[in-house]
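Residue-level structure breakdown
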Amino acid sequence: MTLLSGLVAQALHLALMLGLAPGLAGFVRWLKARLLHRAGPPPRLAYRDLLRLMRKQTVRPQSSSFVFAAAPVVATAASVLAAALVPSFARGMTTAPLADLLLIAGLFALARSALVLGAMDAGSAVGGIGASRVAAYAVFAEPATLLVVVTLAVLLGTTNLDQLTGLLQPGGVAAHAPLGLALAPLVASALAQVGVGPIAGAASAAEPAMLFEALTLEHGGRDLALLEFGAAVRLITWFSLIAALFLPAFTAPAAAFPLGWLIGLAAWAVKLTVLAGAVALAEAAMARLGVARVPGVLGAAIVLGLLAAALVALGEGLA
Amino acid sequence: MGRAARPVAIPGSNRAQHDHRRRQATPDAIPFLPALALIVPGLLAVAAVEAARAGFARGPAAPGRAANADRGRGARASRPAANGARRARIAIVTLCLAGAALALACLLAAPAPASLRVPLGEPGFGLVLALDGLSCWFILILFAVAAAAVASCSEASAAPLAAFVAALALTVLAGDGVALVLGLELTAVTGWGLMQADTAADGPEPAPRAGASPAFIGMAVLGALGVLGAIVLLAPALPSGFPDLRFASLRGTAPAGWSEIAVLALALFGAGSLAGLVPLHLWLPPSLSAAPVHAGVLMAGAMLPVALYTLLRLLLDLAGSAPPLGWGVALAMLGGFAALLGALRSVIETDLRVLLACIAIEQTGLVTIAIGVVLIGRAADLTSLASLALGAALLLGLTQGLLSALLLLAAGAVEQGAGTRHLHRLGGLAQRMPMTTLCALVGAAGLAAMPPGPGFAAAWLLFQALIGAARAGGVATQLALAAAAALLALALALGTVAALRLVGVGFLGRPRTPRTAAAEDPGSVSRRVMLVLATLALIIGLVPGLLLRLAGPAFAALRTEPMGVRAALAGLRAHPEQPGYAPLAIAALLAGLAAIAFVLLRRADPVGQQRGPAWDGGFAAPPPWLPFGDPLTQYGAASFSQILRRTIGARLLAARETVTTKLPGETSAARFLVTTRDPAAAWLLAAIAAARLWLWQRIDRLRPFPLGGAPALTLAALAALLAVLAWRGLR
């Protein structure tokens, strides 16, 4: 019974994650435009873009090699696997034993590395700029994520995301005050690794300012569709990850069918909307950080992560 | 006189004790050690025959111009000479493969530790060789890498390679201090010989050789002396007053107070200097850069794991019975800094081999973190934590060996095929050298800790060990280990960028020089060797649990609880009852998803694909005299690392950029120069220079010393000698 419910929950979870991903990315874009008093593209445009790209011919640069062709496949496969592992509305899905936080961080790194190599393989100038920026941001963003993981694991004794969500369940993060400090580094790290928000969001269509858009500049047709889909999947996965750790309330055990699932689904929708609203608000209110300032901001995130670890240590030492 | 007579008596008593031990050993342990030990003289014999043959082939022809002829002869060797060299290489590869198979069988059989006394020199003297799980594990790495290096080496004379491998094998098989130090010193000497040998096998660009080999042999000899000092300090005295240097008796001693600190510091210095542990790493990049290709492969892929073996043997086996908690924490922090420095340098360096050497320095730092956590586990009496960290160290040793060898072989292939080893002259190799690119990609992904590769499994274990260690100690320990975790995370992230830059700038994109555009994959043997190594790396990544099961005897040899159910076919776990990291399942899921994406992309495509000029931000197509586009519009080695160089590099490595622009009308080229200074060089080399100056000033003062003063000096020396003798007599 648990096996069956875990499997069904997994299937529903993956379908929702993949199905909602482009919509969520479109929603963030639309919300930001509304906040800036613009009409904005409707969220469903994201789906239609994907469909249109699927019908277009794939053109690859003459100087590119097998790496360029493999990059969208690897990046999207790693992103979708991460999406399958991060719980959304239910705990105890079939892949729950695999959902190690260090592994999820590694999958994000794999997706990013594939993107970077694909961009460098095209041999164009803008791809190189984007690749070097994305790689350099990751150097500061990854330690922030990993420090949060270490802090959580020291406090709760596991790095498994599913178990962590379960352990954080009753009182949420409020039961562990030092963890509140870990939210900021995780959010900063997430914003630096997806293409939205004030750290690495899309600033303009001008190539010198590009970050993640520069990585996909030379891809076209189905390659580009796959890449855009992967980016959207990473966005919803990061949102769900933050929700699973810092807003874990109302996630249902997989066996709690159907009432628990319905509550979990509703709660997940609310959490995604809140996070999307926060990101859109931040993006509308702030200009994107200059490239030279990002390392400083993310360095502060690392320091905050260390501080969270220190608070956990002090809390354990005093207890 | 009585004292002088004693040395003859000691080895006899040694032998009596040893015979007693041998009777206790289980019978199934006996065949492995002698068989492995026989490979060492076998390699030396092949080396001697090969050296004699090479000398004979060269000698009568032009005895006076031997040195000059040396360079060309490797390439234009006559047919019998080439056949002879080929036979010698086949013999060496066979011996190495036999050794690797023996080591594998020994790990599978897991016999009790054995030791063997080799009579050598005067009657009664001898070396003690020993074999346990730890030496088995590392001799497996050593022989596997050596077989790969010698098999793919086509031009160079194999004699120095064989001698080097023999010295390394002696180091790993050593069962007493004499054999260990002898092995290390022989490693230094033969390694120095390797660096001198065979410039014909080198790439077309002459390597910067100045100062590299003296630095190598100096560090290696000093390191061996440090190891000797640590062992002598540890050794219990025999009844004769001489120290008993056998490992078995070293294990029983427990030094305390200052002698304990001295032993640990000397051991760390001795083994760390050969392993390239920061701040003793300065010799490694120039040495790896100056050595011929296959010597570099052996130095990085075989010598560094052997140095790690020495580190593990000294710190965890001989001197590591019960060090205080702080020592482990300090080691973890030192390892974190070492990994960070190595990774940061590898992001900035542009010479392929220097870059790989810096990645090796990072890996040594990671192993040092693991050793620190093992010591913390022992001090806090958490045996499961110690075994977790030891598992990380053993996996890192394996990946260090195989992946360094793979990447250096790929770098060698690039040097031969593309004619340069500088990143800013490479590029576009993926189309001309697809096999080398694929192998370099696998190797770089492995070292960059990409799931589900081999490096990720080791990094995962290391993080779990650090988390467990933080839970073990008090507030201060926990804070220090959180900092170590931050350093580790930063080093891993930098290592990923270094790997991306290595592959992205070196192999992908457009060619940056016409020579690179005509690059070619190496010959079939080299290609196959690289493919085998890459396959092995993938297998390690998929079944790290099985390998750690295989390494069970190594855990036993270091008196650590084996991983048990935490290392299985399915994957690795930090706690027996918790889920962990399951690489097989992850790899299967990734492959399945990638297959779906590929089908979506390729099979159901109604329009088809085509190639066209790159969009490149809408710039016009390059003129016809630039068939690969303008090389300057492509991001290069220096520009890719600019952000990291200006932020972390400027603080840690004092990275500076000098731009020399030219006025309009000047025809000379503008220059962009990046300089870095290793922080270890700043104080270590400065200290050495100051010491040398001081010494020379003292010696200089003796120059005007009057001849008439000589008798007084002699008298003083005599008096000092008598005083020493009197003091010893009183004791």
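Everything quoted here is computed from the prediction, not taken from an experiment.

Attention now moves to the side chain of B:Thr420. Looking at where B:Thr420 falls in the secondary structure, it is placed in the loop between helix 15 (383–418) and helix 16 (429–432). For B:Thr420, the side chain forms a polar contact with the main-chain nitrogen of B:His422, separated by 3.2 Å.

Residue and element names in this part refer to chain A. For helix 5 (residues 125–156), spanning 32 residues, the distance from its first C-alpha to its last is 46 Å, which sits close to the expected 46 Å at 1.5 Å a residue. At Val139, helix 5 is bent by approximately 30°, the largest bend along its length, and proline Pro143 sits one to four residues beyond. Across the 32 residues of helix 5, 30 count as buried, placing the element largely inside the fold. Downstream of helix 5 by a residue or two, Gly157 has a phi angle that is positive, lying close to 85°.

Next up on the list: the packing of helix 17 (residues 434–447) of chain B against helix 21 (residues 524–542) of chain B. Residue and element names in this part refer to chain B. Contact pair helix 17 / helix 21: the axes reach a minimum separation of 9 Å and the direction vectors enclose 30°. When the interaxial angle is binned, helix 17 and helix 21 end up roughly parallel. Our pair here, helix 17 against helix 21, has a crossing hand that is left-handed. Residue-level inspection shows Met435, Thr436, Cys439 and Val442 of helix 17 in contact with helix 21, the latter providing Arg527, Met530, Leu531, Ala534, Ala537 and Leu538. A class-by-class count of the residues in the contact of helix 17 with helix 21 yields eight nonpolar, one polar and one charged.

The next thing to look at is the nonpolar core. Residues A:Leu245, B:Trp137, B:Phe138, B:Phe143 and B:Leu394 are the most contacted members of the largest nonpolar core, which totals 337 residues. Here the element with the most residues in this core is helix 15 of chain B; it accounts for 23 residues. The residues contacting B:Leu394, other than those within four sequence positions of it, are B:Leu134, B:Trp137, B:Phe138, B:Leu312, B:Leu548, B:Ala551, B:Ala554 and B:Phe555.

What follows covers the interface of chain A and chain B. Tallying the contact residues gives 80 residues for chain A and 75 residues for chain B. Approximately 6500 Å² of surface area, both sides summed, lies buried where chain A meets chain B, with 71% of it carried by carbon and sulfur atoms. The interface formed by chain A and chain B includes zero salt bridges. Our enumeration of links across chain A and chain B arrives at 19 residue pairs in polar contact (both at pLDDT 80 or more). Considering each element in turn, the side of chain A that touches chain B owes the most residues, 21 residues, to helix 5 of chain A. Grouping the constituent residues of the side of chain A that touches chain B by class yields 50 nonpolar, 18 polar and 12 charged.

The rules we used
Residues numbered from 1 in each chain as written. Chains lettered and ligands numbered in written order. Predicted model: local features only at pLDDT ≥ 70, side-chain atom pairs only at ≥ 80, totals over all residues. Heavy atoms only, no water. Helix = DSSP H or I, 4+ residues; strand = E, 2+ residues; numbered from the N terminus. Polar contact = N/O pair within 3.5 Å; in protein donor to acceptor, adjacent residues only side chain to side chain. Expected span 1.5 Å × (residues − 1). Bend = angle between axes of the 7 residues up to and from the residue. Buried < 20%, exposed > 50% of the residue type's maximum accessible area, 1.4 Å probe, protein only. Axes fitted to C-alpha atoms, helices over the stretch in contact; angles between N-to-C directions. Parallel < 35°, antiparallel > 145°, perpendicular 65-115°, else oblique. Left-handed = near helix turned anticlockwise from the far one by under 90°. Contact = heavy atoms within 4.5 Å. Nonpolar A, V, L, I, M, F, W, Y, C, P; charged D, E, K, R; others polar. Core = buried A, V, L, I, M, F, W, Y, C linked by side-chain atoms within 4.5 Å. Buried area = accessible area lost by both parts, 1.4 Å probe. Salt bridge = Lys/Arg side-chain N within 4 Å of Asp/Glu carboxyl O.

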